[in-house]
Amino acid sequence: KCNGGKVTQIRVTNVPSFAGDIGVSLEVEGIGSLTVDTAYGGDSFVVVNSEDLGLDITPDNAKQLVEVGMSITQAANEQLKFVHPTNEGFASHFSFCMIAKPIFYDEDGVAISHTAVAIQPGKIDRSPTGTGCSARMALLHAKGQLKKGDKMIGRSIIGSEFRCCIEE
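Not measured: the values here are computed from a predicted model.

Visitor: I keep staring at the overall build of the chain and nothing clicks. Help me out?
Guide: Counting its regular elements, the chain contains three helices and 12 strands. Its C-alpha atoms give the chain a radius of gyration of 16 Å, near enough to 15 Å, the size a compact globule of 168 residues would have. Over its C-alpha atoms, taken along the principal directions, the chain stretches across nearly 50 × 40 × 30 Å. Here the chain holds 168 residues, and the buried ones make up 43% of them. Long-range pairs, those at least 24 residues apart, make up 57% of the contacts in the chain with a sequence separation of at least 6. Just so you have it, the chain exposes about 9,400 Å², and 48% of that area is on carbon and sulfur atoms. Separation between the mean location of the 15 positive side-chain charges and that of the 20 negative ones in the chain comes to 9 Å.

Pasting the structure below:
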């Protein structure tokens, strides 16, 4: 959508997304045992609860979040398997670690997903990431927390937002 000759909104329909493993144990050097989920939303994610790490998702914690995220991604690639069910050519590894606060809801009942996505070679994505939002919605759907037609706001470490919906 445009207003006054400027783009004000963009709509993207992502590829089919899906949950992988839910609630699996992962041993991470220097951290210990974590319970994680895995998902695909255009790329592969290992997802961990920020509260399990004792880290708040704030810019002040970016260095710690990325270091922990890289360790979790490495451990997931060593201990867990990722298989895309229809794309045999997709690499069988985890690309990203999503460190996520537990879902909470705004005054309209819309799910809020506040996350930090650690990316190679050691950065935090400043956006909520479309692939990450799609992966998170696939996990929430698999867990029975979201259904077709439900909306979710993906919020990044700097507060930028993507407004998302499970369409099918």
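Visitor: Can you help me understand the nonpolar core in this one?
Guide: Side chains of nonpolar character tend, in soluble globular proteins, to be buried together. Of all hydrophobic cores here, the largest spans 28 residues; its most connected members are Leu26, Val48, Leu53 and Ile72. Of all hydrophobic cores here, the second largest spans 10 residues; its members include Phe96, Val117, Ala135 and Leu139.

Visitor: Could you clarify how one ought to interpret the side chain of Ser156 in this entry?
Guide: Turning to its location among the elements, Ser156 is positioned in the loop between β11 (151-155) and β12 (161-165). Relative accessible area serves as the criterion here: at 1%, Ser156 is assigned to the buried category. Residues within four places of Ser156 in sequence aside, it is in contact with His114, Thr115, Arg126, Ser127 and Pro128.

Visitor: Help me understand unusual backbone geometry, please; the structure alone is not making it clear to me.
Guide: Peptide bonds are trans in most cases, and residues, glycine excluded, mostly fall at negative phi. Going from Gln120 to Pro121, the amide bond is cis rather than trans, its omega being 5 degrees. Along the chain, Pro121 turns up in the loop between β9 (111-119) and β10 (123-124). The backbone phi angle of Thr129 is positive, close to 65 degrees, even though this residue is not glycine. The residue Thr129 is located in the loop between β10 and α3 (130-142) in this model. Owing to a relative accessible area of 8%, Thr129 belongs among the buried residues under this scheme.

Visitor: Quick question: what am I supposed to make of the pattern of salt bridges here?
Guide: Where charged atoms of side chains with opposite charge meet at close range, the side chains can pair. This model, assessed by the stated rule, comprises seven salt bridges. The partner of Arg11 in a salt bridge is Glu167, with the nearest N and O atoms 2.2 Å apart. Placement of Arg11 in the loop between β2 (6-7) and β3 (18-19) and of Glu167 in the segment after β12 is noted, with a sequence separation of 156 residues between them. What makes Glu167 partly exposed here is its relative accessible area of 41%. Between Glu67 and Lys63 there is a salt bridge whose closest N-O contact spans 3.2 Å. Pair noted here: Glu67 and Lys63 are both in helix α2 (residues 62-79), with a separation of four residues, about one helical turn. Relative accessible area serves as the criterion here: at 42%, Glu67 is assigned to the partly exposed category.

Visitor: Mind showing me how you'd approach α3 here?
Guide: An α-helical segment advances 3.6 residues per turn. Residues three or four places apart therefore align on the same side. For α3, built from 13 residues, the straight-helix expectation of 18 Å at 1.5 Å per residue is met to within 8% by its first-to-last C-alpha distance of 18 Å. Along α3, the residues classified as buried are Gly132, Cys133, Ser134, Ala135, Arg136, Met137, Ala138, Leu139 and Leu140. Of the residues flanking the end of α3, it is Gly144, one or two places downstream, whose phi is positive at about 80 degrees.

Visitor: Could you clarify how one ought to interpret a nonpolar patch on the surface in this entry?
Guide: Side chains of Val7, Ile10 and Val12 sit close together on the surface and give an oily, nonpolar patch of about 350 Å² of accessible area. Here Ile10 is to be found in the loop between β2 and β3. A relative accessible area of 69% places Ile10 in the exposed class.

Cut-offs applied
Residues numbered from 1 in each chain as written. Predicted model: local features only at pLDDT ≥ 70, side-chain atom pairs only at ≥ 80, totals over all residues. Heavy atoms only, no water. Helix = DSSP H or I, 4+ residues; strand = E, 2+ residues; numbered from the N terminus. Rg over C-alpha atoms; globule rule 2.2 N^0.38 Å. Buried < 20%, exposed > 50% of the residue type's maximum accessible area, 1.4 Å probe, protein only. Contact = heavy atoms within 4.5 Å. Areas by Shrake-Rupley, 256 points an atom, 1.4 Å probe, with all protein chains shown as cover. Lys, Arg positive; Asp, Glu negative; His and termini not counted. Charge placed at Lys NZ, Arg CZ, Asp CG, Glu CD. Core = buried A, V, L, I, M, F, W, Y, C linked by side-chain atoms within 4.5 Å. Salt bridge = Lys/Arg side-chain N within 4 Å of Asp/Glu carboxyl O. Expected span 1.5 Å × (residues − 1). Patch = residues over 30% accessible without salt bridge, like charges linked within 9 Å, V, L, I, M, F, W, Y side chains within 5 Å.

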